[in-house]
Amino acid sequence: MLQQAKCSLLSLALLSFIFHTAAQGATEPQCRCSSSDPCWPNEDDFAVLASQLSSPLLRPVPFAHPCHFTSNPEDAANCSTVADNRLDGNFRSGFPGAMQAPNFETFIAPDDDELHACLLNVSLSGGGRCEQGSVPVVGVDARTVGDVQLAVKFAAARNLRLVIKNTGHDFLGRSSGRDSFMIWTHNLKTITAHAAFRPQGAPADEIHEHAFTFGAGVQWHEAYAAADSAGRMIVGGVSDGGSVGAGGGWFLGGGHSALSPSYGLGVDNVLEISVVTADGAHLVVNAYQHADLFWALRGGGGGTFGVVTSVTYRTYPVVPVNMAIILTSTNASKPTPSLTKAFSELVRITPTLTDAGWGGYTRFTPANDMVIFSMLALLPNASLADATRMITPYFDYVHAVAENSTTDTEGVFTVLAEQTTRFSSYLELISTVLPETGGVGANLELGSWLLPRDVLESGTSVAETLLAVAATSGLSYQHISMVAGGAVSKVNASSTGLNPAWRSAGAHAVCGTTWPDGTSPADIRQLREALLYRTGKLRALAPESVVLAALDVTANTELIRSGQASMFEPDAPKAFFGAHYPGLRAIKKIYDPAGLFLVREGVGADEWDSDLRCRRSRGFREQVGSSLGDVLA
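Right, let's walk through the structure included here. (Residues numbered from 1 in each chain as written. Predicted model: local features only at pLDDT ≥ 70, side-chain atom pairs only at ≥ 80, totals over all residues. Heavy atoms only, no water.)

**Things to note about the overall build of the protein**
Then comes step 1: The helix and strand tally for the protein stands at 18 helices and 17 strands.
Then comes step 2: For the protein, with 633 residues in total, the buried portion stands at 58%.
Then comes step 3: Contacts in the protein between residues at least 24 apart in sequence constitute 77% of all its contacts with a sequence separation of at least 6.
Then comes step 4: Counting only carbon and sulfur atoms, one obtains 53% of the accessible surface of the protein, whose full area is about 22,900 Å². (Helix = DSSP H or I, 4+ residues; strand = E, 2+ residues; numbered from the N terminus. Buried < 20%, exposed > 50% of the residue type's maximum accessible area, 1.4 Å probe, protein only. Contact = heavy atoms within 4.5 Å. Areas by Shrake-Rupley, 256 points an atom, 1.4 Å probe, with all protein chains shown as cover.)

**Points about the environment of Phe63**
Then comes step 1: Mapping Phe63 onto the fold places it in the loop between helix H2 (43-52) and helix H3 (73-84).
Then comes step 2: Put simply, Phe63 and Pro96 are 33 residues apart on the chain and 8.7 Å apart in space, counted from C-alpha to C-alpha.
Then comes step 3: The contacts of Phe63, once residues within four sequence positions are left out, are Val82, Asn85, Arg86, Phe91, Arg92, Phe95, Gly97, Ala98 and Glu105.

**Describing unusual backbone geometry**
Then comes step 1: For Asn381, which is not glycine, the phi dihedral falls at a positive 55°.
Then comes step 2: Its location among the elements puts Asn381 in the loop between strand S13 (371-380) and helix H11 (384-403).
Then comes step 3: What makes Asn381 exposed here is its relative accessible area of 54%.
Then comes step 4: The phi angle at Glu601 is positive, at roughly 60°, despite the residue not being glycine.
Then comes step 5: If you trace the backbone, Glu601 turns up in the loop between helix H17 (581-591) and helix H18 (629-632).

**With respect to the pattern of salt bridges**
Then comes step 1: Enumeration according to the criterion identifies 16 salt bridges in this entry.
Then comes step 2: Residue Lys189 is joined to Glu222 by a salt bridge in which the shortest nitrogen-to-oxygen separation is 3.0 Å. Of this pair, Lys189 sits in the loop between strand S3 (181-184) and strand S4 (191-197) while Glu222 is found in helix H6 (residues 220-229), placing the two residues 33 residues apart along the sequence.
Then comes step 3: According to the relative accessible area criterion, Lys189 is partly exposed, its value standing at 29%.
Then comes step 4: Classification of Glu222 by relative accessible area gives partly exposed; the value is 25%.
Then comes step 5: Within the structure, one salt-bridge network assembled from shared partners comprises Glu114, Arg129 and Glu131. (Salt bridge = Lys/Arg side-chain N within 4 Å of Asp/Glu carboxyl O.)

**Side note on the packing of helix H10 (residues 337-355) against helix H14 (residues 460-470)**
Then comes step 1: Where H10 contacts H14, the axes come no closer than 8 Å and their chain directions differ by 120°. One finds that H10 runs oblique with respect to H14. Crossing of H10 against H14: the hand is right-handed. Note on element contacts: H14 touches H10 through Thr460, Val462, Ala463, Glu464, Leu466 and Leu467, opposite Leu339, Thr340, Phe343, Ser344 and Val347.
Then comes step 2: Grouping the constituent residues of the contact of H10 with H14 by class yields seven nonpolar, three polar and one charged. (Axes fitted to C-alpha atoms, helices over the stretch in contact; angles between N-to-C directions. Parallel < 35°, antiparallel > 145°, perpendicular 65-115°, else oblique. Left-handed = near helix turned anticlockwise from the far one by under 90°. Nonpolar A, V, L, I, M, F, W, Y, C, P; charged D, E, K, R; others polar.)

**A look at the sheet that holds S3**
Then comes step 1: In spatial order, the strands read S1-S3-S2; together these three strands make up an open sheet with parallel pairing. Among the strands making up the open sheet, the edge pair consists of strand S1 (138-141) and strand S2 (162-165). For this sheet, the mean inter-axis angle between neighbouring strands, taken without regard to orientation, is 20°.
Then comes step 2: With four bridges connecting them, S1 and S3 associate as parallel partners. Counterpart to Val140 in the pairing with S3 is Ile183.
Then comes step 3: Contacting S1, S2 and S3, helix H5 (residues 145-157) crosses the sheet at an angle of about 165° to S3. (Pairing = 2+ DSSP bridges.)

**Comments concerning H11**
Then comes step 1: Over its 20 residues, H11 runs 27 Å from end to end, which matches the ideal 28 Å to within 8%, given 1.5 Å per residue.
Then comes step 2: Its maximal kink placed at Ile391, H11 deviates by approximately 40°, while the proline Pro393 follows within four residues.
Then comes step 3: In this structure, the buried residues of H11 make contact with strand S11 (321-330), H10, S13 and strand S14 (413-423). (Expected span 1.5 Å × (residues − 1). Bend = angle between axes of the 7 residues up to and from the residue.)

**Quick look at the sheet that holds strand S5 (residues 208-215)**
Then comes step 1: Taken in spatial order, the five strands of this open sheet run S4-S5-S9-S7-S8, and their pairing is antiparallel. Looking along the sheet, the strands with just one partner apiece sit at the ends: S4 and strand S8 (282-285). With direction set aside, neighbouring strand axes in the sheet form an average angle of 20°.
Then comes step 2: Two elements, strand S7 (residues 270-276) and strand S9 (residues 307-313), share six bridges in a ladder whose sense is antiparallel.

**A word on the pairing of S5**
Then comes step 1: The buried fraction of S5 is high, at six of eight residues.
Then comes step 2: Pairing analysis gives six bridges linking S4 to S5, with the strands arranged antiparallel. Pairing of Ala196 across the sheet is with Glu209, part of S5.
Then comes step 3: Note: S5 against S9, four bridges, orientation antiparallel. Each residue of the ladder has a partner; that of Thr213, found in S9, is Thr312.

**Observations regarding the pairing of S3**
Then comes step 1: Neither face of S3 is exposed, since Phe181 and Ile183 on one face and Met182 and Trp184 on the opposite face are all buried.
Then comes step 2: One ladder, built from four bridges, connects S2 with S3; its direction is parallel. Bridge assignment links Leu162 to a residue of S3, and that residue is Phe181.

**Focus: the side chain of Gln100**
Then comes step 1: The residue Gln100 is located in the loop between helix H4 (89-93) and S1 in this model.
Then comes step 2: Within the structure, the side chain of Gln100 is placed 2.9 Å from the backbone oxygen of Thr167, a separation counted as a polar contact.
Then comes step 3: When residues no more than four places from it in sequence are discounted, the contact partners of Gln100 are Gly89, Arg92, Ser93, Thr167, Gly168, His169, Val440, Gly441 and Ala442. (Polar contact = N/O pair within 3.5 Å; in protein donor to acceptor, adjacent residues only side chain to side chain.)

Structure representation (structure tokens):
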């Protein structure tokens, strides 16, 4: 019955989409209003808006702005503070115009070889300039749902390019937008613990004990602390300092975690969502009301269907968590045959490990004529003896490979460290292992792909491809993340709007490239091309799989923490959303018919130009006849 209800509900969504589409005439605006256009609101318009808000209007500036205006001691002190805290994700998240990866504050026009930026090193900025780049020019500091509603209505009425930003953890640049109007959700910090939670409209006997509701601005370090103080554990992302948002793009794009093989993805643990839609309405959505929107929000991507103001998660009892780590290296600049053997075995056994509940991350880092290979894996709710018994065979295998590598003519493979230990809780583990700062403040672009479990089980050839990508000149690192399989694979693929490929995935491969400030646009393009080429190698391993859809946006995301993907996927709808794309697009047309909420490579973005400023040809409407059978298959 539930399956039939979903089919009927989404079929109605598609029919509604067709009628909405047919009813929209040529009077619909074809381009968003830019700050340089006559249609841009004047100061009187902004003053009227400001008079209705709970906080003053924002005039966001790039993170390094204080260092370009140091004529008095106060400005100089502000510059020093910014420079000293540039690698602190929580500090950066408190600046409306700051992105965690500063390259997304910059702008390079397609036909321009000039970087429009505001760099911390003033000498590297052309003529000492501090340019706005891609930082929104004005915004609303949303402290209440009413603030969000006013901002949405203002942007819609004036046809503005709208950007939603929380912490700025996004590697597709969706938290920023040149000449845009921003809604900053970072200060929606309400946390509510529910001894017994019943979703609105649910039967009286549907009660979820110990649920938590987080405002969109709550960050994971705050969410974990709140849950732990109540003796509960919650499935969430990790980052240095816990600065990623818990109530936004992390779950909107799927929400992967090292806990996912044991407890599912973020979307599998969401009970209810509050959201402001394009007409300014504040809706509470769940499986019983606005179920179509609830389906779409769980995996359909951040900043796409509305502005999330809060989310309610189920939680679990606090349990001990075991951690196994191994750190190895080679004395060669590229992976050696011994390293390849060690990694091939890990790839082969990954589905077995995740089925047993193990989750974690493997990383390759080229450094000073050596390659560092490390693995951190965790297993909750098991004894240390059982965890050790399960992981020891792999550790023994790696040691044996290392002992035999002394005759390897291409370089010696060495085990630097190995440990299996037990923590009283997941919070204690991440608080011990992760530093308070780091992982942000550097220019970074990513490419990624989900790898199905049957591909992983093929072993050596997959490992060799992944290692070849890791060894590419210009790439800074590669992650292989055990965040799928296990409990993730046991969830019906049609239960959420998430790409169905997640349910057959065994691991997630991510590669990234970085560059120092002052790098020329031409060199940045070359690094990007190399990244795209190597991402293509990942894609070739599993052509029918999926890139990891965006994860931390109200629009935010991050690496181990959330949304990693390529900004230039050749077929973004398929790569990010798979067979669910027609259903997601139909639902978007119901709740956002004018396309107010647009993000790079999000649902509906293919109908707009690359700047998300002007509409493309409307020929896409002739393609809407797709059945939702694939969505619900």
